[in-house]
Structures are given as structure tokens and as C-alpha cells.
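Listed here are the chains, written in short residue letters.
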Amino acid sequence: AQSVAQPEDQVNVAEGNPLTVKCTYSVSGNPYLFWYVQYPNRGLQFLLKYITGDNLVKGSYGFEAEFNKSQTSFHLKKPSALVSDSALYFCAVRDVSSASKIIFGSGTRLSIRP
Amino acid sequence: NAGVTQTPKFQVLKTGQSMTLQCAQDMNHEYMSWYRQDPGMGLRLIHYSVGAGITDQGEVPNGYNVSRSTTEDFPLRLLSAAPSQTSVYFCASSYSGQGVRTQYFGPGTRLLVL
């Protein structure tokens, strides 16, 4: 069965510093991976996805994610954090049974301090 | 486009009461789904639909019913509410078929069952 794991419940970073939010995956076959962000009292918003090709995927709001097949990871990164990046971040993987059905990780709360 | 809309935004129920959470989308998406979000557990899929007249169970379907009479609407019914159903509920939609589909989320319904 497909799954993703987010090992950190919370990540704290100072504004201006680089940030990384970790995600590892377990899939049979080719992995199709996503990152979503949830701001307070809002629904989830799509950030980026990996299908195939370049291992570095660029997304919205200056975020990027690095796909690493040997480590089965898909970490979310940003070179310089903003206070406005503070939110809940979810890694997700597409279920092999459906092109639309996706499975979410437990989420990581990112807190950026001024 | 309004995107994905959900009503109500907040609801308080007593144990045993029934209610319907409404979800609508105006993007002509074939695929629609319901998730519940609980602290530390990410989003768990309740039910989903790949088109009008077709529904299927997700990871946590017990206590919930759905129907899909039109492409636009996908209501979620709680027949006899229980405190364990206290959660935030999100509806999502996407195109179906081949490829890797991005899901669009509604703003959520916060449900409290006393």
C-alpha cells in the first residue's frame, strides 16, 4: 500500500533562514508525489507535484521539493523563509488504484519566527 | 469560478442527530471526495466519487453516507452523529482519467458533536 511519512510534527525556523520539511514515501511502482499547504482556518492549497523528470520541482510561493529515489524522500525546501510561510504542510502520494485518489501524511506545522 | 464551496462553515450537533454537509464545485470535475482532518492524523478519506451515480468508500467510511446525483454536488450525510465524528471536514474535487490530478479543496466544515 502507498504511504507517506512526515517525521516532524513541527519545524521552527528563523525568518530569512533556509527551511526543509521532510517527507518519505513508500509506493509500489512510480511515485507521484505532492505537497499541499494549509493556512489557518482554510482548506488545503496545492504547492507542487512530482511526476517524472527533473528531481528538483519548483512550486508556488518560492517553494521547491527534491525527489530522491534512493532515499525514497521528497523534502520540501525554501532558500529564505518568510513569516507568512507559517502554516501546516502536507506531503501526499497518488494511490495506484486511481489517478485522482491521494493519500496524505500526518502534516508538519512550520513556524517562522521574525 | 467559485471553485469548491462547502456549507455550513460550523455546526454543533447533539449525539444521535443527523445532518448533511454540502459540497459543490463549478469546475466540471468528475472526481469528488470527502476527508476528515484530526490533529496528528492528517487527512483521512471518507468517501469518494469518480462521477455522477458512482461512489465508493475510503479509509474511514463508517457512520457516513454519500450520493452523487449530479456532477456538481457531493453531499455527506451523518445519520446518527457521535462525538467521535467531531472533526473538520473537507471536500475536494479534481479531473479524473489518466494523468496525475491536482485536487482542489473547499474551505472546510467544522463539526462539533456533543
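Attention here is on the structure that accompanies the text. Residue positions are given per chain, counting from 1 as you read along its sequence in written order. Key to labels: chains lettered from A, ligands numbered from 1, both in the order written. For this predicted model, a pLDDT threshold of at least 70 governs which residues receive local features, and a threshold of 80 or more governs which side-chain atom pairs are given and counted, while totals over whole chains, interfaces and linings are taken from all residues. To get the side-chain values, take all heavy atoms of the structure and skip hydrogens and water.

Here the focus is the overall build of chain A. Broken down by element type, chain A carries 0 helices and 12 strands. Strands are runs of DSSP state E lasting at least two residues, helices are runs of H or I lasting at least four, and both sets are numbered from the N terminus onward. Walking chain A from its N terminus toward its C terminus, one meets helices and strands in the order β-β-β-β-β-β-β-β-β-β-β-β. What the globule rule says is 2.2 Å times the number of residues to the power 0.38, and the radius of gyration is computed from C-alpha atoms. The C-alpha radius of gyration computed for chain A amounts to 13 Å, which stays within 12% of the reference 13 Å derived for 114 residues, consistent with globular compactness. Over its C-alpha atoms, taken along the principal directions, chain A stretches across nearly 45 × 30 × 25 Å. Taken over 114 residues, chain A has a buried fraction of 49%. In what follows, a contact means two residues having at least one pair of non-hydrogen atoms within 4.5 Å. Residue pairs at least 24 apart in sequence account for 54% of intrachain contacts in chain A once pairs closer than 6 positions are excluded. For every residue, the accessible area (1.4 Å probe, protein chains only) is compared with the maximum for its type, and the residue is labelled buried under 20%, exposed over 50%, or partly exposed between those bounds.

Residue position: Phe46(A) is located in strand 6 (residues 44–50). The exposure class of Phe46(A) is partly exposed, given its relative accessible area of 27%. For the pair Phe46(A) and Tyr36(A), spaced 10 residues apart in sequence, the C-alpha to C-alpha distance is 4.6 Å. Apart from residues no more than four positions distant in its own chain, Phe46(A) is found in contact with Phe34(A), Trp35(A), Tyr36(A), Ser60(A) and Thr102(B).

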